[in-house]
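An overview of the molecular structure
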Amino acid sequence: MRVVIGLCLLAPFVAMLWVSSYAKVDPTFIGIPFFYWYQMLWVLISTALTMTAYKLWQRDQRARKGGAAA
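These lines cover the structure that appears in this document, whether it is placed above or below. (Residues numbered from 1 in each chain as written. Predicted model: local features only at pLDDT ≥ 70, side-chain atom pairs only at ≥ 80, totals over all residues. Heavy atoms only, no water.)

1. Thoughts on the overall build of the protein
- In terms of helices and strands, the protein carries two helices and zero strands.
- A compact globule built from 70 residues should have a C-alpha radius of gyration of about 11 Å, whereas the protein, at 17 Å, is more than 25% larger.
- Projected onto its principal axes, the C-alpha positions of the protein cover 60 × 20 × 10 Å.
- When contacts within the protein are restricted to residue pairs at least 6 apart in sequence, long-range pairs at least 24 apart make up 50% of them.
- Total accessible area on the protein stands at roughly 5400 Å², and carbon and sulfur atoms take up 73% of it. (Helix = DSSP H or I, 4+ residues; strand = E, 2+ residues; numbered from the N terminus. Rg over C-alpha atoms; globule rule 2.2 N^0.38 Å. Contact = heavy atoms within 4.5 Å. Areas by Shrake-Rupley, 256 points an atom, 1.4 Å probe, with all protein chains shown as cover.)

Here it is in structure tokens:
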């Protein structure tokens, strides 16, 4: 479970640090160069991944507390 949480939090960093993968103009989206809309897309993706990691962390903590009490 914690590996998945770590991957959810690490993915946005890897995607944004690998600049050569998105340092280009094409394809454009509604007139916006790829460089910009790719980064904006990652804002949304990062939010979803962070929320997922948080929910998984909560579930993990509940399971640990429940397991210790039983």
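2. Comments concerning a nonpolar patch on the surface
- Nonpolar side chains collect at one region of the surface, where Val-3, Leu-7, Leu-10, Phe-13, Val-14 and Leu-17 lie side by side and expose about 660 Å² of accessible area between them.
- Structurally, Phe-13 is set in helix α1 (residues 2–17).
- Owing to a relative accessible area of 56%, Phe-13 belongs among the exposed residues under this scheme. (Patch = residues over 30% accessible without salt bridge, like charges linked within 9 Å, V, L, I, M, F, W, Y side chains within 5 Å. Salt bridge = Lys/Arg side-chain N within 4 Å of Asp/Glu carboxyl O. Buried < 20%, exposed > 50% of the residue type's maximum accessible area, 1.4 Å probe, protein only.)

3. Considering the packing of aromatic side chains
- Evaluation of the coordinates by the stated rule reveals seven aromatic pairs.
- Measuring from ring centre to ring centre gives 6.0 Å for Phe-29 and Trp-37, while their planes differ by 55°; the resulting arrangement is tilted.
- Three or more aromatic residues joined by ring pairs form one cluster here, namely Tyr-22, Phe-29, Phe-34, Phe-35, Tyr-36, Trp-37, Tyr-38 and Trp-42.
- The ring of Phe-34 has Lys-24 sitting right over it, with the charged end atom 5.2 Å from the ring centre. (Phe/Tyr/Trp six-rings, centres within 6.5 Å; stacked < 30°, edge-to-face > 60°. Lys NZ or Arg CZ within 6 Å of the ring centre and 35° of its normal.)

4. Considerations on the environment of Asp-60
- Examined against the element boundaries, Asp-60 turns out to sit in helix α2 (residues 34–69).
- The class for Asp-60 is buried, based on a relative accessible area of 9%.
- Sequence-wise, Asp-60 and Met-1 are 59 residues apart; in three dimensions their C-alpha atoms are separated by 7.2 Å.
- Those residues in contact with Asp-60, other than ones at most four positions away along the chain, are Met-1 and Arg-2.

Scope: geometric values only; no functional claims are made or implied.
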